[in-house]
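Coordinates in review
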Amino acid sequence: MRFDEREELVQEEFDRQAERWVRRALSAEERAMLERMVQAAEVSSSDRVLDVACGTGLVSFALAPSVAEVVGVDISGGMLAKARQVRHQRGVRNVHFVLAEAEHLPAPDESFDAVVCRFGIHHFVQPDVQVREMARVLKKEGRLVIVDTISSEDPQEAQLHNALERLRDPTHVRMLALSELTELVARTGLRVRDARVYPQERDYDQWMEVINEPIRTENLKVVMAALARAGVGAGLKLRLQDGRLWVTHSIALVKAVK
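Below, the structure is looked at part by part. (Residues numbered from 1 in each chain as written. Predicted model: local features only at pLDDT ≥ 70, side-chain atom pairs only at ≥ 80, totals over all residues. Heavy atoms only, no water.)

Next up on the list: the pairing of strand 4 (residues 112–118). Extensive coverage of strand 4 is indicated by the burial of seven of its seven residues. Where strand 4 lies against strand 5 (residues 138–150), six bridges are found, and the strand directions are parallel. Each bridged residue has a counterpart across the sheet, and for R118 the counterpart in strand 5 is V147. Between the parallel elements strand 4 and strand 5, the chain passes through helix 5 (residues 127–136) in a crossover that is right-handed. (Buried < 20%, exposed > 50% of the residue type's maximum accessible area, 1.4 Å probe, protein only. Helix = DSSP H or I, 4+ residues; strand = E, 2+ residues; numbered from the N terminus. Pairing = 2+ DSSP bridges. Right-handed = clockwise from strand over helix to strand, strands pointing away.)

What follows covers helix 2 (residues 28–41). Between its first and last C-alpha atoms helix 2 spans 20 Å; for 14 residues at 1.5 Å apiece the expected length is 20 Å, and the two agree. The complete set of buried residues in helix 2 reads E30, M33, L34, M37, V38, A40 and A41. For helix 2, the buried positions fall inside an angular range of 165° around the axis, keeping them on one side. For helix 2, exposure combined with an orientation more than 90 degrees from the buried face picks out A28, E35 and Q39. Taken together, the buried residues of helix 2 touch helix 3 (58–63), strand 4, strand 5, strand 6 (191–203) and strand 8 (244–257). Downstream of helix 2 by a residue or two, E42 has a phi angle that is positive, lying close to 50°. (Expected span 1.5 Å × (residues − 1). Arc of directions from axis to C-beta. Contact = heavy atoms within 4.5 Å.)

For the coordinates displayed, the defined rule picks out 15 salt bridges. Of the charged contacts, one joins R48 and E69 as a salt bridge, the two residues approaching to 2.8 Å between their closest N and O atoms. Linking R48 in strand 1 (residues 48–52) with E69 in strand 2 (residues 69–74), this pair joins segments that are 21 residues apart in sequence. With a shortest N-O distance of 2.4 Å, E201 and R239 are connected by a salt bridge. Here the residue E201 occupies a position in strand 6, and R239 occupies one in strand 7 (residues 239–241), the gap between them amounting to 38 residues. (Salt bridge = Lys/Arg side-chain N within 4 Å of Asp/Glu carboxyl O.)

Core analysis: the biggest nonpolar cluster contains 30 residues, and L50, V52, V115, I121, L144 and L181 have the highest contact counts within it. Of all elements in the fold, only strand 1, strand 2, strand 4, helix 5, strand 5, helix 7 (178–186) and strand 8 reach the threshold of two or more residues within this core. (Core = buried A, V, L, I, M, F, W, Y, C linked by side-chain atoms within 4.5 Å.)

On to unusual backbone geometry. Positive phi outside glycine occurs at E42, with the angle close to 50°. By the secondary structure assignment, E42 is in the loop between helix 2 and strand 1. In this model, E110 sits at a positive phi of 50°, which is unusual for a non-glycine residue. Tracing the backbone through its elements, the reader meets E110 in the loop between strand 3 (95–99) and strand 4.

When you line up the elements, D128 lands in helix 5. If near-sequence neighbours (up to four positions away) are discounted, D128 is found in contact with L184 and R187.

A ring pair, where both rings are aromatic, is described by two values, the distance of the centres and the angle of the planes. Evaluation of the coordinates by the stated rule reveals two aromatic pairs. Ring geometry for F61 against F97: centres 5.7 Å apart, planes inclined by 70°, an arrangement best described as edge-to-face. Of this pair, F61 sits in helix 3 while F97 sits in strand 3, and the two are 36 residues apart along the sequence. Just as F61 is buried, F97 falls in that class too. (Phe/Tyr/Trp six-rings, centres within 6.5 Å; stacked < 30°, edge-to-face > 60°.)

What follows is the structure, encoded as C-alpha cells:
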C-alpha cells in the first residue's frame, strides 16, 4: 500500500506513539465513554462491527465479547502491531486488524451492522469522505457511533484551540463544532439519533503523556500557561491551579442510523 505525504506523517507519528498508547491506563472518564460507545452501538451476538481508526484496538476489544466479529482498520502499522499483540495475549479470536485508509474502506457496501470511530475525525483532512465510507459499509438500520473531541461553536475560539492542538500533535487537522459534526453525519443520509457532549478534565502532563516529544510539549506549555494567566480559555477552559496547568476537552458522542 502506498501512502501520500500526509498519510506518511500520520503513520510515523502514531507508530512512534503506539507503545505509550497500549501501556497507558484509562481514566475513569475514558472508561465511562468507552462503555457509552458500546451501549450506543446496540450490538448483538450475530453482529459484525467495523472499528475505523482503531489504533491499538481499545474499542474493538471492548466490543468483542458481545459480537460475532470486529474488524479494526488503521493507517498505522505500529498501532496495529500492538493491537495484534494484545489480541494474542488475551486470546481473542473474533477481532481482526487490517492496514487500510479510512477513505477507502476494504469492505463491500452494507457489510457491517455497526461502525464505530473513536477520536479519528479530527485527523481527517476531508472528514466527509471518511464518514461517507462509514455510511456506505453500514447495513440498513445499521448504527454509526462517533466519539471525538469537538471545538467551540465560536469560530475564533475554535481556531485558537485547533492551532494549539496542532502544535501538540502535527497529525491533528481540525476538530469540528458539535453542529458541524452532526451536520456532516446527516449529509450522508444517516439519521442522527443522539448527540451528547461530555467534559474531560486533566492536567497538562496527563494530556501530553503519549506525545513523548519534550521540545514540542515544553514549549507549548509555556504558551498555554501564558494564555491561562491572561484569562484566555482557548476552548479548553485553560487555568492554573496549585502550580498545575489544567485543560478541559469537550468530547462528543454522536449516534446515527442508516
